[in-house]
Amino acid sequence: MERYKEIENGVVPSVCSLDCPDQCGLLIHKKDGKIVKIEGDPNHHITKGNICNKVRNMGERIYDEKRLNTPLKRIGTKGKGEFVPITWKEAIEIISTKWKKLIAEDGAESILPYSFYGNMGNINAEGMDRRFFHRLGSSQIDRTICSVAGSTGYKYTMGGSYGTDPEEMTETKLFILWGINAVSTNMHQMMIAQKARKNGAKIVVIDAHKNQTGRMADWFIPIIPGTDGLLALGIMHILFKEEWVNKNFLEKYTVGYRELEEHVKQYKPDMVSTITGVPVEHIYELARMYGDITPSMIRIGNGLQHHDNGGMIVRTIACLPALTGQWLVKGGGALKSNSAFLAHNTTALQRPDLLKNQTRVINMNQLGQALLEINKPVRSLFVYGSNPAVVAPESTKVREGLARNDLFTVVHDLFLTETAMYADIILPATSAFENIDFYTSYWHQYIHLHEPVIKAYGESKSNTEVFRLLAEAMEFDEPAFKDSDEELINQALTNPTNRYLEHVTYDELKKTHFIKAKKTNHLLDNLRTPSGKIELYSRQMEEDGHPGLPTYNPIQPESRYPFLFIPGPNHNFLNSTFSNNEKHIKLEKSPKLFLNVKDARELGIKDGDNVRIWNDRGECELAASVGELVLPGVVVSQGLWSDVAGEKHLVNKLTPDRVADMGGGATFFSGRVDVAAVKA
């Protein structure tokens, strides 16, 4: 573990820790023990030396003068940022003493962890922390803010997160990038598509915003948000009607295709066009293109599932490759996630057996409700790997909850984030470059080992270190809390249920740094649906309270407000990460609201005007970007901008905290707003 950390000068291997599907191989240049340059590893088989600006400039974040280097204790009003340094011993004693008192008075359920994947390392994101809170018997957090709705929908169709291998996409002749700004969020997917285009491939982008990806497409198809599943059903209608389907494939590898054929007769192109905003002739052209060109691959984006109907949208799109038999063609199929190929032993790592009694589970999308509205109030919150004051929906509620004087909040982070401003105790966190961990991509099929490349910054500690200290202070004597980081990795990699990783060991990863999942037969021979086939009709869905066939259900109406609002990602931040770093702010420039020229004219808004965006949940102010990049009736923002200095840029004040149709997922993109120019 020490070998790279102790190299003072030279180049050492690494891997990107960001919550991004690409998970790039890196080379870290060091001088006098510090990082002086970060570049891509040209020997990585999928990322091949190309990296984004976010990680290229990560060194400035690691050595930012604002980075925390000692534990802090609040001395002023919550939210004002008034703290004094304390020792780790004092911090752990304050936390453990408070928790023991709360457990005696209100029970362990009065304590709630809140975390996500600010660091994608598996043992730091879901290892010793899960063991600790299981053993504590605290309320459990349902980590559903990102991909669960779409993953649930996709699983109903395909049995799990299995998709097209990116390394086979050199053969692909039609890329449909559906609801994904790949240039900003999956750059190597776009690079593969562009390379294939030189050999005749076509790139079609379907999205609510003509972002960088849409502008680079051969054909951009704008769509009304939340209607993507209906467009997929309209495509199915045409494929069946005009006999573009592969009936031999449907007979052998699917269940329910006859029922589906009858079902989609109702989704006539005229009706689909009226609701989706896609012209009838474009629906026919897209369907015929998809039926004719092979191999074709649909890259299903993250944005689609952030609707009230997000699970069904993804479930519906996931049916399309089966209709044309694309799963049997190299470079064909679909890709929502490939994480199932790299599934590790979460039971061994997280130890749910340590939770002796069933406790309540709180959906992380409804943190504001949990802090303000539930009968048995949360009395203590421990936040790590996340910044809920910015990233959680209905952030006004969240901040009201964080401001409660009777809420004891601990934040473990690298910076004094918006959430940390409300903390009672702040603990300095190591960066991923300072930790040992293993990483599993959810796009490509490589697993990585990362060894620390620099020493811990100041007095910062990793998640695993912190939870070992807390376990000791809480007098937990189970051996599970004595396991080293290396032992945690070994336990996680021992997963007899995943044959794709049976050749992967900690020792082999130490030698090679990354290893690809092994496939011993065709994906279709091992589907984990109840039938073992692609389920165009799903009995399981009916048992779970959903329609068994792909069905269009509109998003919930918020009819008081005229504009559908999509708060998408930007190019130089990742959620709130980097939004407080000067280099990345300069790269991104400023927050904008994109609106159609027709709407702007009616509202008297000119390009560059400051505009107020509001609904019942809150309001914010952004600069107007007027043009044809969105349809009339739709407005789009990009990025989660820091508001520590009091800026009015917090778009999650506007987003709903209701949950999606499947998995309890987020509905960030199903809100509505009104817009007006800010008077000078």
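Reading the values: the criteria
Residues numbered from 1 in each chain as written. Predicted model: local features only at pLDDT ≥ 70, side-chain atom pairs only at ≥ 80, totals over all residues. Heavy atoms only, no water. Helix = DSSP H or I, 4+ residues; strand = E, 2+ residues; numbered from the N terminus. Rg over C-alpha atoms; globule rule 2.2 N^0.38 Å. Contact = heavy atoms within 4.5 Å. Axes fitted to C-alpha atoms, helices over the stretch in contact; angles between N-to-C directions. Parallel < 35°, antiparallel > 145°, perpendicular 65-115°, else oblique. Left-handed = near helix turned anticlockwise from the far one by under 90°. Pairing = 2+ DSSP bridges. Salt bridge = Lys/Arg side-chain N within 4 Å of Asp/Glu carboxyl O. Buried < 20%, exposed > 50% of the residue type's maximum accessible area, 1.4 Å probe, protein only. Phe/Tyr/Trp six-rings, centres within 6.5 Å; stacked < 30°, edge-to-face > 60°. Lys NZ or Arg CZ within 6 Å of the ring centre and 35° of its normal. Core = buried A, V, L, I, M, F, W, Y, C linked by side-chain atoms within 4.5 Å. Nonpolar A, V, L, I, M, F, W, Y, C, P; charged D, E, K, R; others polar.

## Section: the overall build of the chain
Then comes step 1: Check the secondary structure of the chain and you find 27 helices and 27 strands.
Then comes step 2: Against the compact-globule benchmark of 26 Å for 680 residues, the chain has a radius of gyration of 25 Å, which places it among compact chains.
Then comes step 3: Dimensions of the chain along its principal axes, counting C-alpha atoms only, are 70 × 65 × 50 Å.
Then comes step 4: Here the contacts in the chain between residues at least 6 apart in sequence split such that 75% fall between residues at least 24 apart.

## Examining the packing of helix α14 (residues 269-276) against helix α15 (residues 280-292)
Then comes step 1: Relative orientation of the contacting elements α14 and α15 amounts to 110°, with a least axis distance of 8 Å. Accordingly, the angle class assigned to the pair α14 and α15 is roughly perpendicular. Classified by chirality, the crossing of α15 by α14 is right-handed. On α15, the residues touching P269, D270, V272 and S273 of α14 are V280, I283 and Y284.

## With respect to the sheet that holds strand β19 (residues 446-450)
Then comes step 1: Strand order in the open sheet made by the 3 strands is β18-β19-β20, with antiparallel pairing throughout. With one partner strand each, in any of the chains shown, β18 (437-440) and β20 (514-516) form the two edges of the open sheet. Looking at each pair of strands side by side, their axes are set apart by 15° on average, direction ignored.
Then comes step 2: Two elements, β18 and β19, share 4 bridges in a ladder whose sense is antiparallel. Bridge pairing links D437 to H450 in β19.
Then comes step 3: On the sheet, helix α23 (residues 485-493) packs against β18 and β19 and is oriented at approximately 30° with respect to β18.

## Describing the pattern of salt bridges
Any two side chains of opposite charge can pair, given that their charged atoms come close.
Then comes step 1: Under the criterion given, the structure shown has 36 salt bridges.
Then comes step 2: Measuring nitrogen to oxygen at the nearest pair gives 3.3 Å for the salt bridge that ties D64 to K66.
Then comes step 3: With relative accessibility at 10%, the residue D64 sits in the buried group.
Then comes step 4: A relative accessible area of 40% places K66 in the partly exposed class.
Then comes step 5: The closest approach of N and O atoms between D353 and R351, which form a salt bridge, is 2.8 Å.
Then comes step 6: One connected set of salt bridges, linked through shared partners, spans D165, E167, K516 and K519.

## A look at the sheet that holds strand β24 (residues 610-615)
The pairing of strands in a sheet comes from backbone hydrogen bonds and takes either a parallel or an antiparallel form.
Then comes step 1: Pairing in this closed barrel of 6 strands is mixed, and the strands run β22-β26-β23-β25-β24-β27 around the ring. Ignoring which end each strand starts from, the neighbouring axes of this sheet average 45° apart.

## Some remarks on unusual backbone geometry
Then comes step 1: For the peptide bond that leads from T294 to P295, omega is 0°, which places it in the cis range.
Then comes step 2: Looking at the secondary structure, you find P295 in the loop between α15 and β12 (296-300).
Then comes step 3: One non-glycine residue, D32, lies in positive phi territory at about 55°.
Then comes step 4: Mapped onto the secondary structure, D32 falls in the loop between β2 (25-31) and β3 (34-40).
Then comes step 5: The phi angle at N575 is positive, at roughly 55°, despite the residue not being glycine.
Then comes step 6: By the secondary structure assignment, N575 is in the loop between β22 (563-568) and α26 (582-588).

## Topic: the environment of Q194
Then comes step 1: Examined against the element boundaries, Q194 turns out to sit in helix α9 (residues 187-197).
Then comes step 2: Note on Q194: relative accessible area 27%, which makes it partly exposed.
Then comes step 3: It is 53 Å that separates the C-alpha atoms of Q194 and T77, two residues lying 117 residues apart in sequence.
Then comes step 4: Ignoring any residue separated from it by four or fewer positions in sequence, one finds Q194 in contact with I203 and M216.

## With respect to the side chain of T324
Then comes step 1: Note on placement: T324 falls in the loop between α17 (320-323) and β13 (333-335).
Then comes step 2: Setting aside residues up to four positions removed in sequence, T324 forms contacts with L239, W244, N246, Y290 and G291.

## Points about the packing of aromatic side chains
Then comes step 1: One pass over the structure, following the stated rule, counts 19 aromatic pairs.
Then comes step 2: Grouping aromatic residues by their ring pairs yields a cluster made of W99, F132, F133, F382, Y384, F467, F476 and F481.
Then comes step 3: Residue placement shows K34 over the ring face of Y63; its charged tip is 5.4 Å from the ring centre.
Then comes step 4: Seen from the ring of F341, K519 lies directly overhead, with NZ or CZ sitting 5.1 Å from the centre.

## Topic: the nonpolar core
Then comes step 1: In this structure, W99, F132, W178, L231, L320 and F382 are the most contacted members of the largest nonpolar core, which totals 104 residues.
Then comes step 2: It is helix α11 (residues 228-241) that provides the largest number of residues to this core, a total of 9 residues.
Then comes step 3: The contacts of F132, once residues within four sequence positions are left out, are W99, F467, L470, A471, M474, F476 and F481.
Then comes step 4: With 43 residues, the next largest nonpolar core counts F116, I141, A392 and Y422 among its residues.

## Points about the environment of E168
Then comes step 1: Among the structural elements, E168 can be located in the loop between α7 (148-158) and β8 (174-178).
Then comes step 2: Using a relative accessible area of 28% as the deciding quantity, one classes E168 as partly exposed.
Then comes step 3: Expressed as a C-alpha distance, the spacing of E168 and G332, which sit 164 residues apart in the sequence, is 8.4 Å.
Then comes step 4: Setting aside its immediate chain neighbours within four residues, E168 contacts K330 and G331.

## Digging into the packing of α11 against α15
Then comes step 1: Interhelical geometry of α11 versus α15 gives an angle of 65° and a closest axis separation of 9 Å. Comparing their axes, α15 and α11 come out roughly perpendicular. Crossing handedness for the pair α11 and α15: right-handed. In this structure, α11 uses L231, G234, I235, I238 and L239 to contact α15, whose residues at the interface are I283, Y284, L286, A287, Y290 and G291.
Then comes step 2: The residue inventory of the contact of α11 with α15, partitioned by class, reads 9 nonpolar, 2 polar and no charged.

Everything listed here is a matter of coordinates, which is why it stays silent on function.
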